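# Geometric and topological summary
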Amino acid sequence: NGVLPAVAGANFLSGAGGLESLKSCSLSQLVVDSEIFGMILDTVEGFKISEETLALDVIDGVGPGGDFLRERHTLNHTLDGEQYESELSDRRTWEQWLAAGSKELPEVAEEKAKRILRDSGTIELDAGVKEELDEVLENARSYYRNK
């Protein structure tokens, strides 16, 4: 759902981490959605087209039925970051995945969310900001208590 708005020029995509029509949220879902948004932004960014990336000389040299995987040019451009590198997807074969412990996406995302929380440290808020947030929370609690 985010690709078309992004390609059309939207500069804001919402809903990351949201569940149940945004009635609740999940840090694991936020990690998955961050990955999806990364793919979307990578798509919108496009790719470089130049004499070097077109490699017409390499195409001519290899010819029909040839093997581009043996070409230094292919190796150089395979590693140049033009392809989105997923941090969550597992590209091993089924057998390799099973042998390695076979963690499914929700578990991998939860582990990454916990790692981010563990490694990020804490952010100290200015006293005024903290007071405003406390007031907002208290107003919300009060509203729902009186409902």
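## Describing the environment of W97
Note that W97 resides in helix α6 (residues 94-99). With a relative accessible area of 13%, W97 lands in the buried category. Excluding residues within four positions of it along the chain, W97 makes contact with D90, R92, S102, K103 and E104. For W97, the side chain forms a polar contact with the main-chain oxygen of K103, separated by 3.2 Å.

## Topic: the nonpolar core
Counting residues in hydrophobic clusters, the biggest one holds 6 residues: V31, V32, L88, V108, A109 and A113. Per-element tally for this core: the top contributor is helix α7 (residues 105-120), with 3 residues. Setting aside its immediate chain neighbours within four residues, V32 contacts L88, L105 and A109.

## Focus: helix α2 (residues 27-45)
For α2, with 19 residues, the first-to-last C-alpha span of 26 Å sits near the 27 Å given by 1.5 Å per residue. For α2, the full list of buried residues reads S28, V31, V32, D33, E35, G38 and I40. Those residues of α2 that are buried lie in contact with α1 (3-7), β1 (18-19) and α7. Regarding α2, its N-cap is S26, as a side-chain oxygen of that residue lies 3.2 Å from the backbone nitrogen of S28 further along. Of the residues trailing α2, G46 is marked for its positive phi of about 80 degrees.

Reading guide: rules and limits
- Residues numbered from 1 in each chain as written.
- Predicted model: local features only at pLDDT ≥ 70, side-chain atom pairs only at ≥ 80, totals over all residues.
- Heavy atoms only, no water.
- Helix = DSSP H or I, 4+ residues; strand = E, 2+ residues; numbered from the N terminus.
- Buried < 20%, exposed > 50% of the residue type's maximum accessible area, 1.4 Å probe, protein only.
- Contact = heavy atoms within 4.5 Å.
- Polar contact = N/O pair within 3.5 Å; in protein donor to acceptor, adjacent residues only side chain to side chain.
- Core = buried A, V, L, I, M, F, W, Y, C linked by side-chain atoms within 4.5 Å.
- Expected span 1.5 Å × (residues − 1).

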